[in-house]
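Secondary and tertiary structure notes
Listed here are the chains, written in short residue letters.
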Amino acid sequence: MPQTIELTLDDELDSAVRAEWDVLASAGLPSQALHLGITNAPHVTLGVASALDAGATGRIAAVTLPDQIRLGGLLVFRGRRSSVVSRAVIPSAALLATHAAVDEAMAGAPGRPDLTLPGRWTPHVTLARRLDDAGLSQALDLLADVPRELVGAPVELRHWDSDAKAVHVLRTR
């Protein structure tokens, strides 16, 4: 099962993303607001592996957090059967350095998808998954007036352990 390393967002960014989740959920779309797990929070995924050992998480805990997170416009990931709508995260030099440090700390971990590696990674905050074409069109219409840029900060670096169904906070601001 996946192990992820994530940056969570400050209260202002978290609230803004949750408001967008709620707009989509109110329209009956498969918003992240419908994910009822207590650990569900708006976040930026920095790395994914099928397993992480204590050495890797220890190295990740030493990574410096960027001072700022800037959310940009909407981003669509199209699959064969469905789409994902996200907020783009504008990649600052500090964010890219944090991502590279997490990548280095995870070197050798099994099951690392290519799309999470430096040079292939697209930073984003997911708003809705599994949208069919009609749902995608509706979601984009509903979110057409979202602010094009929101600025805040990450508040913690965490490890989501899907095997244990637990979050481990590795570092806080």
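Refer to the structure above for everything that follows.
Let me begin by describing the structure that accompanies this report. Treat the numbers as computed from the prediction; the structure is a model and nothing was measured. (Residues numbered from 1 in each chain as written. Predicted model: local features only at pLDDT ≥ 70, side-chain atom pairs only at ≥ 80, totals over all residues. Heavy atoms only, no water.)

1. Overview of the side chain of Ser83
Looking at where Ser83 falls in the secondary structure, it is placed in strand β4 (residues 83-89). Engagement of the side chain of Ser83 in a polar contact is seen with the side chain of Arg78, the distance being 3.4 Å. (Helix = DSSP H or I, 4+ residues; strand = E, 2+ residues; numbered from the N terminus. Polar contact = N/O pair within 3.5 Å; in protein donor to acceptor, adjacent residues only side chain to side chain.)

2. Structural notes on the sheet that holds strand β2 (residues 43-49)
In sheet architecture, strand pairing relies on hydrogen bonds along the backbone and comes in two forms, parallel and antiparallel. Taken in spatial order, the four strands line up as β2-β1-β7-β8 in an open sheet, and their pairing is antiparallel. One side of each edge strand has no neighbouring strand; the edge strands of this open sheet are β2 and β8 (166-172). Taking the axes of each pair of neighbouring strands and ignoring which way they run, one obtains an average angle of 25 degrees across the sheet. The sheet contact formed by strand β1 (residues 3-9) and strand β7 (residues 154-161) spans seven bridges and is antiparallel. The residue of β7 that forms the bridge with Leu9 is Pro154. (Pairing = 2+ DSSP bridges. Axes fitted to C-alpha atoms, helices over the stretch in contact; angles between N-to-C directions.)

3. With respect to the sheet that holds strand β6 (residues 150-152)
Spatially, the four strands line up as an open sheet ordered β5-β4-β3-β6, and their pairing is antiparallel. Edge positions in the open sheet fall to β5 (124-131) and β6, since each of these has one partner strand only. When strand polarity is set aside, the average angle formed by the axes of neighbouring strands in this sheet is 30 degrees. Sheet analysis places strand β3 (residues 69-78) next to β6, joined by three bridges and oriented antiparallel. Looking at β6, one finds that Ile69 is bridged to Gly152. Packing against the sheet, helix α4 (residues 133-142) makes contact with β3, β4 and β5, and its axis sits at approximately 155 degrees to β3. (Contact = heavy atoms within 4.5 Å.)

4. With respect to helix α2 (residues 54-61)
All buried positions along α2 are accounted for by Ala56, Thr57 and Ile60. For α2, the angular spread of buried residues about the axis comes to 95 degrees, placing them on one side. In the core, the buried residues of α2 are packed alongside β1, α3 (93-105), β7 and β8. Where α2 begins, the capping side chain belongs to Asp53, and its oxygen is found 3.1 Å from the backbone nitrogen of Gly55. (Buried < 20%, exposed > 50% of the residue type's maximum accessible area, 1.4 Å probe, protein only. Arc of directions from axis to C-beta.)

5. A few points about the nonpolar core
One recurring pattern in soluble globular proteins: nonpolar side chains tend to sit buried together. Membership of the largest hydrophobic core comes to 36 residues, with the highest contact counts inside it found for Ile5, Leu7, Leu46, Ile69, Leu71 and Leu157. Filtering out sequence-adjacent residues up to four positions away, Leu71 remains in contact with Leu13, Val17, Arg87, Ala88, Val89, Ile90, Val125, Arg148, Glu149 and Leu150. (Core = buried A, V, L, I, M, F, W, Y, C linked by side-chain atoms within 4.5 Å.)

6. Regarding the pattern of salt bridges
Under the criterion given, the structure shown has seven salt bridges. With its nearest N and O atoms 3.1 Å apart, the salt bridge here joins Glu149 to Arg70. Within this pair, whereas Glu149 is found in the loop between α4 and β6, its partner Arg70 is found in strand β3, the two being separated by 79 residues in sequence. For Arg70, a relative accessible area of 28% gives the class partly exposed. (Salt bridge = Lys/Arg side-chain N within 4 Å of Asp/Glu carboxyl O.)

All we've got here are geometric facts, nothing functional implied.
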